[in-house]
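Fold and contact review
Listed below are the residues making up each chain.
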Amino acid sequence: MSDILNEPLAFVGTTDLAGILRGKAFPTSEWASRLVQGVGWTPTNVQITCFEVLAESPYGALGDLILVPDAETRFQLPAKGNRPALDFSLGDIGGLEGAPWELCTRSILKRALAELDAVAGLILYGAFEHEFKLTNFAARDGDAYSFRGFRTGQDMAETLIAMMRQAGVRPDTFMKEYGPTQYEVTNAPATGVRIADDAAILRMLTSEAAEMHGLRASFAPILDPTNVGNGVHVHLSFRDKAGAPATWNAKDEHGLSDAARHFIGGILAHLDQIIAILAPSDVSYLRLTPHRWSAAYNNLGYRDREAAVRICPVTGDSDAEMARRFNFEVRACDAAASPHLALAAIIFAGVEGIRGKIEPPAVTQDDVSLWSSERLTKAGLTRLPQNLGSALEVFEASETTSRWFGPEFKSVYCAHKRGEMACLDGMDDNAKCARYGEAY
Ligand code: GLU
Ligand code: MG
């Protein structure tokens, strides 16, 4: 036991426009009063890019906000080695009078979920599947999916699983992924805001667990321009208000209920307009290229890992079991995005699909990158924007996204991302990947 005086701190965090978990700490003994008064927050914080440089901010040095912890997210991060325990929570940013702030990612997600409820009466279930690389050991041939590769990460993984349990994030699987020093961690589904909370907490815990074992985890979208990227696949399904599964329809060719099919139709019809939110870094667009098992087109794949949305296989010995497990995944996301913001964008687009009964393009099980432009157009498929600059232009020009996010959010978001891009001037792809590799 140390005889140096200490008083425990509690940390409250938010995922911001840079997709980074930021926050403040206060004495744990003051948790009850902080639950009401929050901690002070500065509007211009939202323009801190992942490279620390401040992007142009309409707020300057002005204004005051509060970040208020949500007791539902609170858990104790256990002490390990020389790292102290921590009382952790996520929170919402609001004005001093308590109204949600337009740029608070978690409040935006709550608004999107309320729309899903109002328009379709559906409860969203989901989980973010995460890939990451351990960057401080050398890649070895023979490691992909291997026992040996798994064993290298096992200590770290077991610490991670134990911490996930403490945090209320239910573990699913852990594996050595295909890419050099790449691993994947998945958790079981949660509902509503908790889907994105789990993703934010899981990223934080993965980095913690890695550091506890002398490793460094990087969730950057891609670390080597010649290899595969780190994807984030957002698995989603629905239940109705009575708790009955609402994604599966045994009579549909691919098993999709009307609501699920239209929701996917909405995502794919708007994917080019929201890709700047789902894949928001400069190097995200190196990953979103054909033959990297990510997504380059707005296609719907049936058990196809090169589709923007993939209908996932499920097994079960009854229709009821199939209905309960059936889900689809949005594969065009990465961890440079705030999970709250990415999920909000997916839901806004999906709800638009349900509202307008938008049909998705016909399912592909084919290498669509080999198709002619005529064939793509005929199938309702488009190549997604191929760099962050074009993705932002499409987002900015879309009246639909203005309706979802509001004009203030849009102009601040675009200024943020352009500020981030300005930090990369003159760098080649390798240098950019290295820079993002440090930031995420
Ligand atoms: N690494 C791929 C990506 O960037 C995904 C590979 C897979 O798990 O299917 O999304
Ligand atoms: Mg994977």
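Now for a description of the structure that goes with this document. (Residues numbered from 1 in each chain as written. Chains lettered and ligands numbered in written order. Predicted model: local features only at pLDDT ≥ 70, side-chain atom pairs only at ≥ 80, totals over all residues. Heavy atoms only, no water.)

Our next topic: the overall build of the protein chain. When its secondary structure is counted, the protein chain shows 13 helices and 15 strands. Taking 22 Å as the expected radius of gyration for a compact globule of 440 residues, we find that the protein chain reaches 21 Å, a close match to that expectation. Referenced to the eigenvectors of the C-alpha coordinate spread, the extents of the protein chain come out at roughly 70 × 55 × 55 Å. Nonlocal contacts in the protein chain, meaning residues at least 24 apart in sequence, comprise 71% of its contacts between residues at least 6 apart. Surface summary for the protein chain: the accessible area is close to 18300 Å², and the carbon and sulfur share equals 52%. If the 42 positive side-chain charges of the protein chain are averaged to one point and the 56 negative ones to another, these points end up 3 Å apart. (Helix = DSSP H or I, 4+ residues; strand = E, 2+ residues; numbered from the N terminus. Rg over C-alpha atoms; globule rule 2.2 N^0.38 Å. Contact = heavy atoms within 4.5 Å. Areas by Shrake-Rupley, 256 points an atom, 1.4 Å probe, with all protein chains shown as cover. Lys, Arg positive; Asp, Glu negative; His and termini not counted. Charge placed at Lys NZ, Arg CZ, Asp CG, Glu CD.)

Let us now look at the packing of helix α3 (residues 147-167) against helix α4 (residues 193-212). Orientation of α3 relative to α4, taken along the N-to-C sense of each, is 140°, at an axis distance of 9 Å. Where α3 crosses over α4, the handedness of that crossing is right-handed. Contacts from M156, T159, L160, M163, M164 and A167 of α3 reach α4 at R194, I201, L202, L205, T206, E208, A209, A210 and M212. (Axes fitted to C-alpha atoms, helices over the stretch in contact; angles between N-to-C directions. Left-handed = near helix turned anticlockwise from the far one by under 90°.)

What the rule picks out here adds up to 25 salt bridges. Across the salt bridge formed by R261 and D258, the nearest N and O atoms sit 2.9 Å from each other. Highlighted residues: R261 and D258, both in helix α5 (residues 258-278), separated by three residues, approximately one helical turn. Looking at D258, the relative accessible area reads 46%, which means it is partly exposed. One salt bridge connects R375 with D366, and the closest N-O pair in it is separated by 3.6 Å. Its relative accessible area of 37% is what places D366 among the partly exposed residues. (Salt bridge = Lys/Arg side-chain N within 4 Å of Asp/Glu carboxyl O. Buried < 20%, exposed > 50% of the residue type's maximum accessible area, 1.4 Å probe, protein only.)

A complete count under the given rule lists 19 aromatic pairs for this structure. An aromatic cluster is present here, built from F348, F395, W404, F405, F409 and Y413 joined pairwise through their rings. When the ring centre of W31 is taken as reference, the NZ or CZ atom of R74 above it lies at 4.1 Å. Directly above the aromatic system of W371 lies the positively charged group of R375, at a separation of 3.9 Å from the ring centroid. (Phe/Tyr/Trp six-rings, centres within 6.5 Å; stacked < 30°, edge-to-face > 60°. Lys NZ or Arg CZ within 6 Å of the ring centre and 35° of its normal.)

Our next topic: the site of ligand 1. By nearness alone, every residue bordering ligand 1 is listed as E131, E177, E184, G229, G231, H233, R287, R292, W293, R305 and R331. Taken by itself ligand 1 offers 300 Å² of open surface, and the protein chains cover 93% of this. Grouping the amino acids of the shell around ligand 1 by side-chain chemistry returns one nonpolar, three polar and seven charged. (Near = heavy atom within 4 Å. Nonpolar A, V, L, I, M, F, W, Y, C, P; charged D, E, K, R; others polar.)

With that settled, the discussion passes to helix α2 (residues 105-120). If you check α2, its first and last C-alpha atoms are 22 Å apart, about what 16 residues at 1.5 Å a residue would give, namely 22 Å. Within the sequence span of α2, burial applies to T105, R106, S107, I108, L109, A112, L113 and L116. One or two steps after α2, the chain reaches G121, where phi turns positive at roughly 60°. (Expected span 1.5 Å × (residues − 1).)

Moving on, we get to the coordination of the magnesium ion (ligand 2). All of the protein donors around the magnesium ion (ligand 2) are E131 (OE), E177 (OE) and E184 (OE); their distances to the metal are 2.0 to 2.1 Å. The sequence motif formed by the donor residues of the magnesium ion (ligand 2) is E-x45-E-x6-E. Of this pair, E131 sits in strand β7 (residues 123-134) while E177 sits in the loop between β8 (171-176) and β9 (182-187), and the two are 46 residues apart along the sequence. With a relative accessible area of 9%, E131 lands in the buried category. (Donors = N, O, S within 2.8 Å, 3.2 Å for Na, K, Ca; no water.)

This brings us to helix α13 (residues 429-439). Three or more residues of α13 are buried, namely K432, C433, Y436 and G437. When α13 is viewed along its axis, its buried side chains cluster within an angular range of 140° and face the same direction. Along α13, exposed side chains directed more than 90 degrees from the buried face belong to N430 and E438. The elements touched by buried residues of α13 are β11 (217-218), α6 (284-287) and α12 (407-422). (Arc of directions from axis to C-beta.)

What follows concerns unusual backbone geometry. Across the chain, the bulk of peptide bonds are trans and the bulk of non-glycine residues have phi less than zero. Look at T181: it is not a glycine, yet its phi comes out positive at around 55°. Structurally, T181 can be placed in the loop between β8 and β9. Phi at W293 takes a positive value of approximately 60°, unusual for a residue other than glycine.

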